[in-house]
Amino acid sequence: MSSAPGTESPAPSRPEGLSLAPFRGLRYVPERVSGLASVTSPPYDVVVRPDEQLHLETSDPHNVVRLILPQGEDPAARHEQAAARLRRWQSEGVLAADPEPALYVYEQRAEGMLQRGLIGALRLTPKEEGIVLPHEDVMPGPVADRAGLMRATAANLEPLLLAYRGGQAAAETVERTVLQEPLLCTTTEDGIRHRLWALTDPAVITAVREDLARLHALIADGHHRWATYLRLQEEHGGPGPWDRGLVLLVDTERYPLRVRAIHRVLYRLPPERALAALAASPGFRVREVDGPLPAALDSLGAAAATGNAFLLAGDGGFRLLTGNGSDPGSPAATALPGGAAHADKPPAWHRLDATVLHNVLLDRVWQVPDSPDHVGYLHDAAAAVAKAEESGGTAVLLHPVSEQVVLELARQGTTMPRKSTSFGPKPATGLVIRSLELD
């Protein structure tokens, strides 16, 4: 693989690094909606509860969630509904394209948090080139769904979050730009203030693009959408708008991302069955820990510092599950169906909590298939516990992985089990859309 993110490489005729292009952003017209905060949404895969989606849909009839998560009898109907709605909102003047192509400076600010980055259309490159590094596996179902939606709408509705290190001109441009009057400013319900600026000066854009062309990036959030970009690029073939995808690039040397865990809810596995199966499985230990949830999570954090640890909940109590048995040569690892297929993985991969959870606990101990009707993925621990209690299942809460572990595995070309991490803060969906028809 080529050099790691943030390192320099010779400038060839074709860039060996990031290639970020301006585009004509499609944005809400403030006078046509109740408020910009009322039409934004978290990324599609963070909106997991029906009540949350309903709240977004009713906050404004033009909320972007109606585009990214349309309702319908089947996928084709949902995707066509989103496409028709996108066309209608443009014809009605709810959404309007900016007059000229731009790169966009985007800022998110809240108490104790500040993040700034650049939004643009990034040239798509395969994993083998080492320019954009994924760190998680993907599932075919979500990729197929996002591909159908992008085909129908001919749009990138929400930016991916990518992390890079070491830019100079790009960083200086961002810092100069935020001193100017923004295109828009709004504060969402979570207390985050969002501001957006457009860079249209050709000289400034060229300086930024030349700076980024020396650098590589890590996909922090949006692996399924990146895989979707690549699939649609292959389908369309040849140069064109499908060769690029909408991203937010953040220099994490200046604005470090927060890394959080993504929790699991095992809908059809009651806590008593989970505990009984663990009692019959060597290598794992279970003990009760005191609540409430924040105190139990503190116990999880302390245990995670010395090995694999999980917090089980769902019946009103909390239990700490610890144990390893995930080393490549251990009986637990080699006894797994298809375990030999993981022999080429580095030791750090085998020690991941997500690896132990999926390859040992779900596959072997609990025998739970990783399918949507059996396993739910939630970013919020309290929501995961509530969902488990509601369904009669078991919540498995995880501790975050460090960004350095993620980066080192990505540099080695090793992907983690899907939904292993949640980088943030994530960009709000709906502030700027990329229409491929405008490109």
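Residues numbered from 1 in each chain as written. Predicted model: local features only at pLDDT ≥ 70, side-chain atom pairs only at ≥ 80, totals over all residues. Heavy atoms only, no water.

Digging into the pairing of strand β12 (residues 244-251)
It is a general feature of regular strands that their side chains alternate between the two faces of the sheet. Selection criterion: Exposed residues in this analysis have more than 50% of their type's maximum accessible area, buried residues have under 20%, and partly exposed residues fall in between, with area computed by a 1.4 Å probe over protein chains only. Every helix listed is a DSSP run of H or I at least four residues long, and every strand listed is a run of E at least two residues long, numbered separately from the N terminus. Whether two strands pair depends on DSSP finding at least two bridges between them.
Taken across its 8 residues, β12 has 7 buried, putting it largely inside the fold. With 6 bridges connecting them, strand β5 (residues 113-123) and β12 associate as antiparallel partners. Its bridge partner being in β12, Ile119 is matched across the sheet by Leu248. Across 5 bridges, strand β8 (residues 160-164) lies against β12 in parallel orientation. Pairing of Leu161 across the sheet is with Leu248, part of β12.

Points about helix α14 (residues 381-391)
Owing to its 3.6 residues per turn, the α-helix aligns residues three or four sequence positions apart on the same side. Selection criterion: Working rule for contacts: check all heavy atoms of both residues, and any pair within 4.5 Å makes them a contact. Definition of a polar contact: a pair of N or O atoms within 3.5 Å, with one able to donate and the other able to accept a hydrogen when the atoms are protein atoms, and with sequence-neighbouring residues admitted only if both atoms are side-chain atoms.
Regarding α14, the residues found buried are Ala381, Ala383, Ala384, Val385 and Ala388. The inward-facing, buried residues of α14 abut β14 (263-266), α10 (293-304), β16 (309-313), β18 (375-378) and β19 (394-397). Where α14 begins, the capping side chain belongs to Asp380, and its oxygen is found 3.3 Å from the backbone nitrogen of Ala382. Where α14 terminates, the next one or two residues include Gly392, which has phi positive at roughly 75°.

Here's the deal with the pairing of strand β2 (residues 25-28)
Going residue by residue along β2, you find Gly25 and Arg27 tucked away on one face and Leu26 and Tyr28 tucked away on the opposite face as well. Pairing geometry for β2 and strand β21 (residues 433-435), over 2 bridges, is antiparallel. Paired with Leu26 across the strands is Ile433, a residue of β21. Here 3 bridges tie β2 to strand β3 (residues 95-97), and the two strands are oriented antiparallel to one another.

Observations concerning the side chain of Asp98
The topology assignment puts Asp98 in the loop between β3 and β4 (103-110). The contacts of Asp98, once residues within four sequence positions are left out, are Arg24, Gly25, Arg27 and Tyr104.

Re the pattern of salt bridges
The criterion, for reference: Note on definitions: salt bridges are taken to be side-chain nitrogens of Lys or Arg within 4 Å of carboxyl oxygens of Asp or Glu.
Tallying each qualifying case throughout the model produces 22 salt bridges. Between Glu235 and Arg151 there is a salt bridge; the shortest N-O distance is 2.7 Å. Of this pair, Glu235 sits in helix α8 (residues 223-236) while Arg151 sits in helix α5 (residues 140-153), placing them 84 residues apart in sequence. The residue Arg411 makes a salt bridge to Glu408 at a minimum N-O spacing of 2.9 Å. Of this pair, Arg411 and Glu408 both sit in helix α15 (residues 403-411), 3 residues apart, which is roughly one turn of that helix. Taking relative accessible area as the criterion, Arg411 reaches 26% and is therefore assigned partly exposed.

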